[in-house]
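# Per-entry structural report
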Amino acid sequence: QVQLVESGGGSVQPGGSLRLSCAASGRTILTYRMGWFRQAPGKEREFVSYISAGHRTVYADSVLGRFSISRDNGKNTVYLQMNRLKPEETAVYYCTADQSNRATRRATDFGSWGQGTQVTVSS
């Protein structure tokens, strides 16, 4: 099992930036694909991005060019840099991990989840 703890969420104005962190424990993330999802009230959990063990990155079209996912295996940590944030991106952001190489954007295909961190984008 991998335990995941997100941090870095908060309140930001439209157009602002935040950097989320996901600290893993219990296992090394070296061989894991790591991802980020978000969930707004009343909506399904939505794919944001993932990074493979080989550092291949995949992004949702809505965040491409504004968000950047990265990993530091030595620190067992994954990051999500979010720039030019929009009000509709207000959500709880969740870190996730899995050991599959199959391309997927389905939340149910990821095995381990953090508790989430709140991101609020408003004036």
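Structure: see above.
Another point: the overall build of the protein chain. A tally of regular secondary structure across the protein chain gives zero helices and eleven strands. Secondary structure elements of the protein chain occur, N-terminal to C-terminal, as β-β-β-β-β-β-β-β-β-β-β. Computed over the C-alpha atoms, the radius of gyration of the protein chain is 13 Å, within 12% of the 14 Å expected from 2.2 N^0.38 for a compact globule of 123 residues. Referenced to the eigenvectors of the C-alpha coordinate spread, the extents of the protein chain come out at roughly 40 × 25 × 25 Å. Summarising the internal contacts of the protein chain: among those between residues at least 6 apart in sequence, 58% fall at separations of at least 24. Summing over all exposed atoms, the protein chain offers an accessible surface of approximately 6,200 Å²; the carbon and sulfur share of this is 47%.

So, about the pattern of salt bridges. Applying the stated rule across the entire model yields five salt bridges. For R38, the salt bridge identified is with E46, shortest N-O distance 2.9 Å. Residue class for R38 comes out buried when judged on its relative accessible area of 6%. For E46, a relative accessible area of 33% translates into the label partly exposed. Three or more residues joined by partner-sharing salt bridges are found here, namely R38, E46, R66 and E89.

Taken in spatial order, the four strands line up as 1-3-8-7 in an open sheet, and their pairing is antiparallel. The open sheet is flanked by strand 1 (3–7) and strand 7 (67–72), the only strands paired with a single partner. Pairs of neighbouring strands in the sheet enclose a mean axial angle of 15°, with direction left out of account. Two elements, strand 1 and strand 3 (residues 18–25), share five bridges in a ladder whose sense is antiparallel.

Rules behind the numbers
Residues numbered from 1 in each chain as written. Predicted model: local features only at pLDDT ≥ 70, side-chain atom pairs only at ≥ 80, totals over all residues. Heavy atoms only, no water. Helix = DSSP H or I, 4+ residues; strand = E, 2+ residues; numbered from the N terminus. Rg over C-alpha atoms; globule rule 2.2 N^0.38 Å. Contact = heavy atoms within 4.5 Å. Areas by Shrake-Rupley, 256 points an atom, 1.4 Å probe, with all protein chains shown as cover. Salt bridge = Lys/Arg side-chain N within 4 Å of Asp/Glu carboxyl O. Buried < 20%, exposed > 50% of the residue type's maximum accessible area, 1.4 Å probe, protein only. Pairing = 2+ DSSP bridges. Axes fitted to C-alpha atoms, helices over the stretch in contact; angles between N-to-C directions.

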